Structure formats: structure tokens, C-alpha cells
Amino acid sequence: MNLLKYFLLFLGFFLVSTVNAQLIGISENKRYLVTEEGEPFFWLGDTAWELFHRLNREEATLYLEDRAAKGFNVIQAVVLAELDGLNVPNPYGNTPLVNNDPLQPNEAYFEHVDFIVNKAASLNIVIGMLPTWGDKWQKKWGVGPVIFSTENAAEGFGVYMGKRYKNQENIIWILGGDRNPENEKEYAIIRAMAKGIEKGNEGTHLMTFHPRGGAKSSQFFHNDDWLDFNMFQSGHSEPDFPNYEMTTADYELEPVKPTLDGEPRYENIPIKFNIKNGRHPAYSIRRAAYGSLLAGACGHTYGNNNIWQMCAPERKGIIKARIPWYDAIKHPGAAQMGYARWLFESRAFHTLQPAQDILTYPDNDKSIRAAITAGGTSAIIYIPEGQAVKIETKKLKGESLAAWWFDPREGTAEIIGNFEKTDKDLGFIPPSKGVANDWVLILDNANAGLNEPGKPIMP
């Protein structure tokens, strides 16, 4: 990447990331998130589950500044962390609770959490804050121990967390932590935690739920008032797993709520957790992102097997992690998620509606995903393996259409040309074909005055 291209890329991310990402709300049509000013908020998250637990302040600053520069505006992190977060202290020697008692939070530990939250706010990053990982309320695996009951989750820890961060505008609460409730007691603990947080913060923050792989928050809490938007975990299976089907299932639910994939396959994680299958490459990550977004998701979360656990030479990685987090932040998938955000924000992503019916060839390949903006100004079609396509254009606005190829690997666009609308379908052959040769086709009303796809809109 030459210096000019890098500068333009960084400038573009800076411009979009300076949108106020605080006091997040839900749009009137319940399909996407909005800022305090009512502007659409494209959720681009990273899973940094061990951020509070394992990084010191200098390291956390390095990590957050890198993510901001790449276009991330949400970081998902856990207060009572997964990897023995109750008993192994943070870099300053502090554990989160006195005697592992949720009624006795350790002020010194939370001062470190406060620093990271405030640093994120200074970079216009929202913290998707998990009060606890799931092994503290359901010990099916992991270190645990189980410490939560309905009483200490609600009137104790939940209220404490809600009050402590009541006036912190860059917070979204994520309950759960890779577990699904399986009995009345576990449902009650989650609902008690939600009630306690809402009591403590007086309803100032949005809230959702992070389930196990293959599950959706909507399966358990869709009709609960505290669940403001849905989150699902498509997990770490095959590179072509159709996570867009999980998006579609949520998208079609009543009452309508925004939804997104909060834990798709991670870059560099062993496929299906088995190193014999190889590791998920950047292509696998792109395919999950574009598939879900064009099925109606309000954003997407990236993950890297080395980053979520903050892998480092001084501690043994799990799930075959092998690369220090400060090197893994340079992996291509993260930058490519920023390119995706840049593209979608350049084409009124918040008005996109799934439109598989415009794809007339191949007519049986659901991996090719299509969506149209409200009013038909633009269509975005993701082609995962460079397949030839034919598009029916009658739903698109304008007598002439501008067609573009967007390269999701490099974040660049190339004009194909202008085409007059006719009764015949338009056919397109991507520049390359095969696995990892994914392309995005954009069709715009040629008279709409739209910028090049992915280019930031200058003030």
C-alpha cells in the first residue's frame, strides 16, 4: 500500500469515526442503532474479551488507538474475565472482587477498567461491556467458579455496575458471556442482572445478550423489554458457514429489533477448533461480514484468536493461539473490516433491505448476497467466489446505472461503466474467480451524485 493510499484510508476512517458514538439509541424503524444526534451508527466491533484483565494502560492505549485508526467503533470486553478472571490479578496486581464476592468490588481493579473506558471514549469508541463471562453463572466448562445468584446479580453487582457507569456515555451492556440459560434459575440470574443494571443507570444504556456458538439472543429473551437489540454467535465452524441465515431469522421476527453477529469465526483460529482443518483466513472473515450485513444486520463484530485472549510470550495461549496480540492487530482481516464499514457508510447502509430477488443468475446460489437501499438508489451485491451474475434492475432508481467493482481485500473501487436500464438483466463477470476471490458489485443511480464507493464524504 503506497503512502498516499494509506493517508487517504486513514483520513477516511478518521472522518467516519469522529461521528459522535455516544448515548447510542435505536432507530424509529427498529432496524439499526443511532447516535445521540439520531445519526445512523454502524457497529464495527472487535472482541477483546481479556482487555480489562490482561493489558496494562500503555498496552490498552496501543490497542485502542490501532482499532480506532482501522475504523472500529465498538470494543467488546469482559469485566469478570474468562481466563481465571476472578483469581489471576490484572497487570497491577488487582482482582475484581474481594473474596470473589459480587457484593465486594475491588475499587483498584475498577479504576483500571475506568481508565480503559475513558480512553476508548476519547477515541469515539463504545465499550460493549460484559459484566461477567458466563462461567460465573453457569459452570459447564471454564474456570468459574459460579458466584452469582438472582439476589447478588440484581441488587448487588448489577446495581453497582449500572451506577458506576451511569454517566459514561460510551457504554453498551452485553449480558451472557458465551452461555445459554438452560433452566429457570439461570434465566432468572440474567434477568436480575439486567434489572440491576437498569436500576443503577436509570435506563441510560442499551443492552443485549451474547450466547453460545450457533445460538441467538432472540431464542431466549426476544420479548424481554431490557433486550434492546439481538446478538447472535455464528461461531467458528466452516469458512463458508451461512451466518446470513441467522441474521435473516432475527430480521423476520416480531417485534422488530436490530440484530448483528457478535462472534463470527475469528481470524487465525483453527477451523472447527481443530488445527488439522487449518486456520480461518481473512477471506473467511470477510465472507461472514458481508453475508450478514447484506441480510439485514445493523453492523458486525470481528475477532482474532490471538487478540481476544491478548496472547503474549509470557503466557500460554489457548485454542492454538501463537502470535502476540500486538503483532496480530496487523492481520489483514481487521483492516478489511474497516473497508467494509467505509463502503456501507458510503451507501446509506441504514436503509438497506435484503433483495435476493434481484439476482437472476445463478438463481440457486444463496452465498451471493444482495441488498437495495430505500428508494432503490443503490444495490450492493457480495460475490464470494467471483461467480458471474445477472441482475434484474427494475427495482433500482434512475434510467442510467453506474456500476462499480469494490475490492474487499484492498478497499478500492473501480468503475465498470454506465448502463442504460432496459427490460433485460445486466450481466457482470468479476475481475477474478475462485475461493478468496470475493468481490462487491455496486449499482447506483447514475444521476444520484454519489461518491466512489468506500470513499469518505468530505465536509
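Given the structure is predicted, the values throughout are model-derived calculations rather than measurements.

So, how was this worked out
- Residues numbered from 1 in each chain as written.
- Predicted model: local features only at pLDDT ≥ 70, side-chain atom pairs only at ≥ 80, totals over all residues.
- Heavy atoms only, no water.
- Helix = DSSP H or I, 4+ residues; strand = E, 2+ residues; numbered from the N terminus.
- Rg over C-alpha atoms; globule rule 2.2 N^0.38 Å.
- Buried < 20%, exposed > 50% of the residue type's maximum accessible area, 1.4 Å probe, protein only.
- Contact = heavy atoms within 4.5 Å.
- Lys, Arg positive; Asp, Glu negative; His and termini not counted.
- Charge placed at Lys NZ, Arg CZ, Asp CG, Glu CD.
- Expected span 1.5 Å × (residues − 1).
- Bend = angle between axes of the 7 residues up to and from the residue.
- Patch = residues over 30% accessible without salt bridge, like charges linked within 9 Å, V, L, I, M, F, W, Y side chains within 5 Å.
- Areas by Shrake-Rupley, 256 points an atom, 1.4 Å probe, with all protein chains shown as cover.
- Salt bridge = Lys/Arg side-chain N within 4 Å of Asp/Glu carboxyl O.
- Pairing = 2+ DSSP bridges.
- Axes fitted to C-alpha atoms, helices over the stretch in contact; angles between N-to-C directions.
- Core = buried A, V, L, I, M, F, W, Y, C linked by side-chain atoms within 4.5 Å.
- Right-handed = clockwise from strand over helix to strand, strands pointing away.

Chemist: Before we go on, may I ask you to explain the overall build of the protein in this structure?
Modeler: Looking only at helices and strands, the protein features twelve helices and 21 strands. Over its C-alpha trace the protein gives a radius of gyration of 22 Å, about what one expects of a compact globule, namely 23 Å for 459 residues. C-alpha extents for the protein along the principal axes are approximately 70 × 45 × 45 Å. Evaluated residue by residue, the protein yields a buried proportion of 59% over its 459 residues. Across the protein, contacts joining residues at least 24 apart in sequence account for 71% of those joining residues at least 6 apart. For the protein, the centre of its 46 positive side-chain charges and the centre of its 56 negative side-chain charges are spaced 4 Å apart.

Chemist: Just checking my understanding: could you explain helix α5 (residues 150-164) for this structure?
Modeler: The first and last C-alpha atoms of α5 sit 20 Å apart over 15 residues, in line with the 21 Å expected at 1.5 Å per residue. G158 marks the point of greatest bend in α5, at about 40°. Among the residues making up α5, those that are buried are N152, A153, A154, G156, F157, G158, V159, M161 and G162. Buried-residue contacts for α5 involve β5 (74-80), α4 (107-122), β6 (126-132), β7 (171-176) and α6 (184-201).

Chemist: Help me understand a negative patch on the surface, please; the structure alone is not making it clear to me.
Modeler: Taken together, the side chains of E36, E37, E39 and E169 make up a negatively charged region of the molecular surface. In this fold, E169 is placed in the loop between α5 and β7. The exposure class of E169 is partly exposed, given its relative accessible area of 31%.

Chemist: When you look at the pairing of strand β15 (residues 369-372) in this model, what are you seeing that I'm missing?
Modeler: On any regular strand, side chains alternate: one points to one face of the sheet, the next to the other face. Of the two faces of β15, the one lined by R369 and A371 and the one lined by A370 and I372 are each fully buried. Here two bridges tie strand β13 (residues 353-354) to β15, and the two strands are oriented antiparallel to one another. Its bridge partner being in β15, Q353 is matched across the sheet by I372. Relative to strand β16 (residues 378-383), β15 runs antiparallel, the two being bridged by four bridges. In the strand pairing of β16, R369 is matched with Y382. What sits between the antiparallel neighbours β15 and β16 is a turn of five residues, in which G375 has the positive phi angle 85°.

Chemist: Please clarify how helix α12 (residues 332-345) should be interpreted in this entry.
Modeler: Because the α-helix completes a turn every 3.6 residues, residues three or four places apart line up on one side. Taking 1.5 Å as the rise per residue, α12 with 14 residues should run 20 Å; its terminal C-alpha atoms sit 20 Å apart, in good agreement. α12 sits mainly inside the fold: twelve of its 14 residues count as buried.

Chemist: Teacher, can you tell me more about the sheet that holds β15 here?
Modeler: Two modes of strand pairing occur in sheets, parallel and antiparallel, and in both the strands are linked by backbone hydrogen bonds. Spatially, six strands are ordered β13-β15-β16-β21-β18-β19 in an open sheet, and the strand pairing comes out antiparallel. For this open sheet the edge positions go to β13 and β19 (412-420), each flanked by a neighbour on one side alone. Note that strand β18 (residues 400-407) and strand β21 (residues 439-445) share six bridges and pair antiparallel. Each bridged residue has a counterpart across the sheet, and for F406 the counterpart in β21 is V440. With respect to the sheet, helix α9 (residues 282-293) is in contact with β15, β16, β18 and β21, its orientation differing from that of β16 by roughly 145°.

Chemist: Quick question: what am I supposed to make of the sheet that holds strand β17 (residues 389-391) here?
Modeler: The strand order across the open sheet built from three strands is β14-β17-β20, with neighbouring strands paired in antiparallel fashion. Among the strands making up the open sheet, the edge pair consists of β14 (359-361) and β20 (426-428). Sheet twist, expressed as the mean angle between neighbouring strand axes with direction ignored, is 35°. The sheet contact formed by β14 and β17 spans two bridges and is antiparallel. For L359, the partnering residue across the bridge sits in β17 and is I391.

Chemist: Just checking my understanding: could you explain the side chain of E186 for this structure?
Modeler: Here E186 lies in helix α6. With near-sequence residues (within four places) excluded, E186 lies in contact with W137, Q138, N180 and P181.

Chemist: Sorry, what's going on with the nonpolar core here?
Modeler: As a rule of thumb, soluble globular proteins bury nonpolar side chains together. Membership of the largest hydrophobic core comes to 54 residues, with the highest contact counts inside it found for L51, F52, Y63 and M129. Discounting residues that sit within four places of it in the chain, L51 has contacts with A60, Y63, I75, A77, I116 and M310. If you look at the next biggest cluster of nonpolar residues, it comprises 29 residues, including A289, A334, L352 and A413.

Chemist: What is the right way to look at the pairing of β7 in this model?
Modeler: A large share of β7 lies buried, amounting to six of its six residues. Of the two faces of β7, both are covered, the one formed by I171, W173 and L175 as well as the one formed by I172, I174 and G176. Bridge count for β6 against β7 is three bridges, and the pairing is parallel. Within the sheet, the bridge partner assigned to I127 lies in β7 and is I171. Each parallel crossover has a hand, and for β6 linked through α5 to β7 it is right-handed. Relative to strand β8 (residues 207-210), β7 runs parallel, the two sharing four bridges. Its bridge partner lying in β8, W173 is registered against M207.

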